[in-house]
Amino acid sequence: MPIKNTAKGKASRVRRRAAPSNKQRPSQRATTPSGSWQYPEMETVPLNETPSDQSEQTDLAKPSEYAASIASAPAATESDLESTRKFWNEHPCDGDFDTNEQRLQYRFIKDYYIPSIIEDHIPPGGEVLEIGCGQGADMSLLAKKADRVTGVDLTPEGVARAAKFLDEVGAKNAVVLVANAEKLPFRDAMFDSVYSFGVMHHTDGTQACIDEAYRVLKPEGTAVIMLYRFWSPQFLVSKTLRGITYPLRKALAAFFSTKMFRNSRFWGTAPSELFGVPYFKAYSEREIRKMFHSFTSVSVERYNTGFARLRLLTPESPRMLKLLDKLENMTRDKLGFFNVIIAKK
């Protein structure tokens, strides 16, 4: 049965929950013992649990409202929104893959900490929203924990790819749709958890995205949001490169968008994003706490010092993976490029 895909006009939603399993120990989550990535064990929704309010599970906006939301973003002009949508529609995050296994290998060997972030901070059960679902890799993990997971993306291409991928991996409790993160087409207090990894810093209306995440989150709900960290070597170098290559940025973005780079199992879409993405922003922890002032509690964890990407070069060497993980964990507080914000409403 296909996943709901508003880009193609097909819809079908079936809730399916995984059988309960023992929660992984922290020491097991941080490493990938070999190049064959597999879904980690997660605390899942027991088969005999039923959502208490069935009406809340299906109170989604109509497809026409999705289109209207994209055209009425309060924090960005139409040209800003369209340039962002155009870039990501032509350059789906993480690039092109021949198989679903390749997509998962690339995402979770490179960003090996994502499964543990989801396991540690997204409570099992309930309704989960992913803002900026891209091609659906993270949604496939969220679907293992939630009663239902809804993914939104600004691009029809991303939604189409995510719908196909999620259907093929059997995530029958997943819904994907085209929507604008700065004005979400959902009622207030609809979701138990909101997840967004590396999305909101690529729009002019970052604060509007955070406010919308707060609005659709239920009281005492959890938001897990990743924003780039300003005082990190990777951001400062990247920002400098974007500055000094400004006259050549379009040409560089086109060059790095060729198949040689886009299909690379090491670079992926990172170079084309560096030179081509319309918005490339980062924030200090002080700025983050101001932006998340509406939440009752906010904590920040740091990840991605650059060592993690090197894992793609040695996926078959447990010894090298262990060394790279150790270097990552030793340096991430000082050098981490990713601010992972865990906020409670």
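Each remark here, short or long, concerns the structure printed above.
Residues numbered from 1 in each chain as written. Predicted model: local features only at pLDDT ≥ 70, side-chain atom pairs only at ≥ 80, totals over all residues. Heavy atoms only, no water.

Caption draft 1: Main features of helix α6 (residues 114–121). A large share of α6 lies buried, amounting to 7 of its 8 residues. All buried positions along α6 are accounted for by I114, P115, S116, I117, I118, E119 and H121. (Buried < 20%, exposed > 50% of the residue type's maximum accessible area, 1.4 Å probe, protein only. Helix = DSSP H or I, 4+ residues; strand = E, 2+ residues; numbered from the N terminus.)

Caption draft 2: Inspection of the nonpolar core at higher detail. Membership of the largest hydrophobic core comes to 43 residues, with the highest contact counts inside it found for Y113 and F197. Among the elements that line this core, the one with the most residues is helix α8 (residues 156–168), at 5 residues. With sequence-adjacent residues up to four places away left out, Y113 is seen in contact with F197, Y303, N304, A308, E328 and F338. Formed by 30 residues, the second largest nonpolar core is a distinct cluster that contains L227, I288, F295 and I341. (Core = buried A, V, L, I, M, F, W, Y, C linked by side-chain atoms within 4.5 Å. Contact = heavy atoms within 4.5 Å.)

Caption draft 3: Structural detail: the environment of G95. Note that G95 resides in the loop between α4 (78–90) and α5 (100–110). Separated by 175 residues in sequence, G95 and A270 place their C-alpha atoms 8.9 Å apart.

Caption draft 4: How the structure looks around the layout of surface pockets. Computed from the structure, the second largest pocket encloses a volume of approximately 420 Å³. As for the second largest pocket, its lining consists of 17 residues, and the residues nearest its centre are R249, K250, A253, F275 and G276. Among the secondary structure elements, those contributing two or more residues to the lining of the second largest pocket are α4, α11 (249–256) and α13 (270–276). For the lining of the second largest pocket, the class distribution of residues is 8 nonpolar, 5 polar and 4 charged. (1 Å grid on protein atoms, 1.4 Å probe; cavity = no way out; pocket = protein on both sides within 12 Å on 5 of 7 lines; lining within 4 Å. Points joined across faces, edges and corners; volume = space filled by probe spheres on them. Nonpolar A, V, L, I, M, F, W, Y, C, P; charged D, E, K, R; others polar.)

Caption draft 5: Focus on the packing of aromatic side chains. Per the counting criterion, the structure on display carries 16 aromatic pairs. A centroid spacing of 6.4 Å and a plane angle of 80 degrees characterise the contact between Y113 and F338, whose relative ring orientation is edge-to-face. Taken as a pair, Y113 in the loop between α5 and α6 and F338 in strand β8 (residues 338–344) lie far apart in primary sequence, 225 residues in all. The two residues Y113 and F338 agree in class, both being buried. Ring geometry for F230 against F235: centres 5.3 Å apart, planes inclined by 50 degrees, an arrangement best described as tilted. Note on F230: relative accessible area 29%, which makes it partly exposed. (Phe/Tyr/Trp six-rings, centres within 6.5 Å; stacked < 30°, edge-to-face > 60°.)

Caption draft 6: Summary view of the side chain of E212. Here E212 is to be found in helix α9 (residues 206–216). Here E212 falls in the buried class, since its relative accessible area comes to 11%. Only 2.6 Å separates the side chain of E212 from the backbone nitrogen of L184, close enough to count as a polar contact. A distance of 2.7 Å separates a polar atom in the side chain of E212 from a polar atom in the side chain of R215. What E212 contacts, discounting residues up to four positions off in sequence, is A181, E182, K183 and L184. (Polar contact = N/O pair within 3.5 Å; in protein donor to acceptor, adjacent residues only side chain to side chain.)

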